[in-house]
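# Chains, contacts and geometry: an overview
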Amino acid sequence: MDLKLDHHSEDNLTIVDVEGEIDVYTAPRLRELLIDLVNKGNFHLLVNMEKVDFLDSTGLGVLVGGLKRVRAHDGSLELVCTQERILKIFRITGLTKVFGIYASVDEAKEAHGRDK
Amino acid sequence: MATVELTFSALPAHVRTARLVATAIARRTGVSEALLDEVRLAVGEACSRAVEAHRVHCPGEPIVIELRDDSGRFEVTVTDVAPSDDLQQPVVPTDGALLPEMPGLGIAVIAGLADDVEVSSGAKGMRIRMSWPASPNGVAAV
């Protein structure tokens, strides 16, 4: 399955909906979107990965790159993910300690609201 | 003897094909359903690393993946011919498609996924061999 990307803003948060496979072929598109959002002043990003079928280290690199970029603006990049096979790669690489990972968009929005 | 040998050009689009082929053969070989996601991810990581290395050093050379079902194990070997001294070095982006944020992460992921991994590298390329348990008679029990 190819990669589908969409995004919208709610209050101070930009939600990026990702669907499909994030790998060495498709990850550059996600990378470009994250860079574009940051360049346009969106520094609080929530990447919804609930419809992601596959994620590899290239995709992780893109997310880490996005995190670095938003942090340079005192921003945040957090994730929504409950799929065990996707969470496993975050655990293997220790990135569960780097990203805020939430079970739903609502849960993440609530946490984001508390942190504001 | 290799059950299946796949040779592909160093293009990111082919990595998905390699993943699909490896997963299909793993299933037929008798790797349990619970391990198929690990096979898919580990093979994808090995092929992605090889593709990125070839695109930097030798874009015209193909990458070889061998899939075997010897002795109750499903074994995958991914071989490239790019000098592998850059394993931990950032890959230089050539067309915006390569991602330098976390070089070397792919090998770490493979090590975390396969219970048997052997990485050998040198001036003539890198060979990643990994294996998983499989049913001796093929076709995993459901």
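Everything numeric here is computed off the predicted structure, so don't read it as measured data.

What follows concerns the overall build of chain A. From N to C terminus, chain A includes four helices and five strands. Along chain A, helices (α) and strands (β) appear in the sequence β-β-α-β-α-β-α-β-α when read from the amino end. Counting across all 116 residues of chain A, residues that qualify as buried make up 53%. For chain A, long-range pairs separated by at least 24 residues make up 67% of all intrachain contacts whose partners lie at least 6 apart in sequence.

On to the pairing of strand 4 (residues 76-80) of chain A. Residue and element names in this part refer to chain A. Of all the five residues making up strand 4, five are buried; the element is thus mostly covered by neighbouring parts of the structure. The alternating pattern of strand 4 places Ser 76, Glu 78 and Val 80 and Leu 77 and Leu 79 on opposite faces, both of which are buried. Pairing analysis gives five bridges linking strand 3 (residues 44-55) to strand 4, with the strands arranged parallel. Looking at the pairing, His 44 lines up with Ser 76 of strand 4. After leaving strand 3, the chain enters helix 2 (residues 57-71) and then returns to the sheet as strand 4, a path that is right-handed. Of the pairings in the sheet, the one linking strand 4 to strand 5 (residues 101-102) comprises two bridges and is parallel in character. Bridge pairing links Leu 79 to Ile 101 in strand 5. Of the crossover connections in this fold, the one passing from strand 4 over helix 3 (residues 84-92) to the parallel strand 5 is right-handed.

Next up on the list: the environment of Gly 106 of chain B. With respect to the helices, strands and loops of the structure, Gly 106 of chain B is situated in helix 3 (residues 105-113). Since its relative accessible area comes to 13%, Gly 106 of chain B is described here as buried. Distance from Gly 106 of chain B to Arg 49 of chain B, taken between C-alpha atoms, is 6.8 Å for residues 57 residues apart in sequence. If sequence neighbours within four positions are ignored, Gly 106 of chain B has contacts with Ser 57 of chain A together with Glu 45 of chain B.

Here the focus is the interface of chain A and chain B. Between chain A and chain B, the contact holds 26 residues from the first and 25 residues from the second. Across the interface of chain A and chain B, roughly 2,100 Å² is buried in total on both sides, 60% from carbon and sulfur atoms. On the chain A side of the contact with chain B, Val 24, Arg 31 and Phe 54 of chain A bury the most area, a combined 26% of that side's loss. At the junction of chain A and chain B, the tally comes to six salt bridges. For Glu 21 of chain A, the salt bridge is made with Arg 19 of chain B, and the minimal N-O distance between the two is 2.9 Å. Run the count over chain A and chain B and you get seven residue pairs in polar contact (both at pLDDT 80 or more). Among the elements that line the side of chain A that touches chain B, the one with the most residues is helix 2 of chain A, at nine residues.

In this section: the packing of aromatic side chains. The geometry of two aromatic rings is summed up by the distance between their centres and the angle between their planes. Counted according to the given criterion, the structure contains two aromatic pairs over all chains. Summarising the aromatic geometry, the rings of Phe 90 of chain A and Phe 99 of chain A are spaced 5.9 Å apart at their centres and angled 85° between planes, so their arrangement reads as edge-to-face. The exposure classification of Phe 90 of chain A matches that of Phe 99 of chain A, with both residues buried. Positioned above the aromatic ring of Phe 54 of chain A is the side chain of Arg 19 of chain B, whose terminal nitrogen or guanidinium carbon lies 3.9 Å from the ring centre.

This part is about the side chain of Asn 48 of chain A. Residue and element names in this part refer to chain A. Of note, Asn 48 is situated in strand 3. A polar side-chain atom of Asn 48 sits 3.1 Å from the main-chain amide nitrogen of Glu 50. Among residues more than four places away in sequence, those in contact with Asn 48 are Val 16, Asp 17, Val 18, Val 80 and Val 105.

All right, on to the packing of helix 2 (residues 33-57) of chain B against helix 3 of chain B then. All names here are of chain B. The contact between helix 2 and helix 3 brings their axes to 9 Å, and the two run at 155°. Relative to helix 3, the element helix 2 lies roughly antiparallel. Judged by the sense of rotation from one axis to the other, the crossing of helix 2 with helix 3 is left-handed. The segment helix 2 lies against helix 3, with Glu 38, Leu 41, Ala 42, Glu 45, Ala 46 and Arg 49 engaging Gly 106, Ile 107, Val 109, Ile 110 and Leu 113. By residue class, the composition of the contact of helix 2 with helix 3 is seven nonpolar, one polar and three charged.

Attention now goes to helix 2 of chain B. Structurally, the α-helix is built with 3.6 residues per turn, so residues lying three or four positions apart point the same way. With 25 residues, helix 2 of chain B should cover 36 Å at 1.5 Å per step; its first-to-last C-alpha distance of 37 Å lies within 8% of that length. Across the 25 residues of helix 2 of chain B, 19 count as buried, placing the element largely inside the fold.

What follows covers the sheet that holds strand 2 (residues 63-68) of chain B. Residues and elements named next belong to chain B. Pairing is antiparallel across the open sheet formed by five strands, whose spatial order is 1-2-3-5-4. The sheet is open, and its two edges are formed by strand 1 (4-8) and strand 4 (116-122), each paired on a single side. Shown here is a sheet whose adjacent strand axes are inclined to one another by a mean of 10°, direction ignored. Bridge count for strand 1 against strand 2 is five bridges, and the pairing is antiparallel. From the neighbouring strand, Leu 6 faces strand 2, where its bridge partner is Ile 65. In this fold helix 1 (residues 12-29) packs onto strand 1, strand 2 and strand 3 (73-79), with an angle of close to 175° to the strand it touches most, strand 1.

Here is what the cut-offs are and how they apply
- Residues numbered from 1 in each chain as written.
- Chains lettered and ligands numbered in written order.
- Predicted model: local features only at pLDDT ≥ 70, side-chain atom pairs only at ≥ 80, totals over all residues.
- Heavy atoms only, no water.
- Helix = DSSP H or I, 4+ residues; strand = E, 2+ residues; numbered from the N terminus.
- Buried < 20%, exposed > 50% of the residue type's maximum accessible area, 1.4 Å probe, protein only.
- Contact = heavy atoms within 4.5 Å.
- Pairing = 2+ DSSP bridges.
- Right-handed = clockwise from strand over helix to strand, strands pointing away.
- Buried area = accessible area lost by both parts, 1.4 Å probe.
- Salt bridge = Lys/Arg side-chain N within 4 Å of Asp/Glu carboxyl O.
- Polar contact = N/O pair within 3.5 Å; in protein donor to acceptor, adjacent residues only side chain to side chain.
- Phe/Tyr/Trp six-rings, centres within 6.5 Å; stacked < 30°, edge-to-face > 60°.
- Lys NZ or Arg CZ within 6 Å of the ring centre and 35° of its normal.
- Axes fitted to C-alpha atoms, helices over the stretch in contact; angles between N-to-C directions.
- Parallel < 35°, antiparallel > 145°, perpendicular 65-115°, else oblique.
- Left-handed = near helix turned anticlockwise from the far one by under 90°.
- Nonpolar A, V, L, I, M, F, W, Y, C, P; charged D, E, K, R; others polar.
- Expected span 1.5 Å × (residues − 1).

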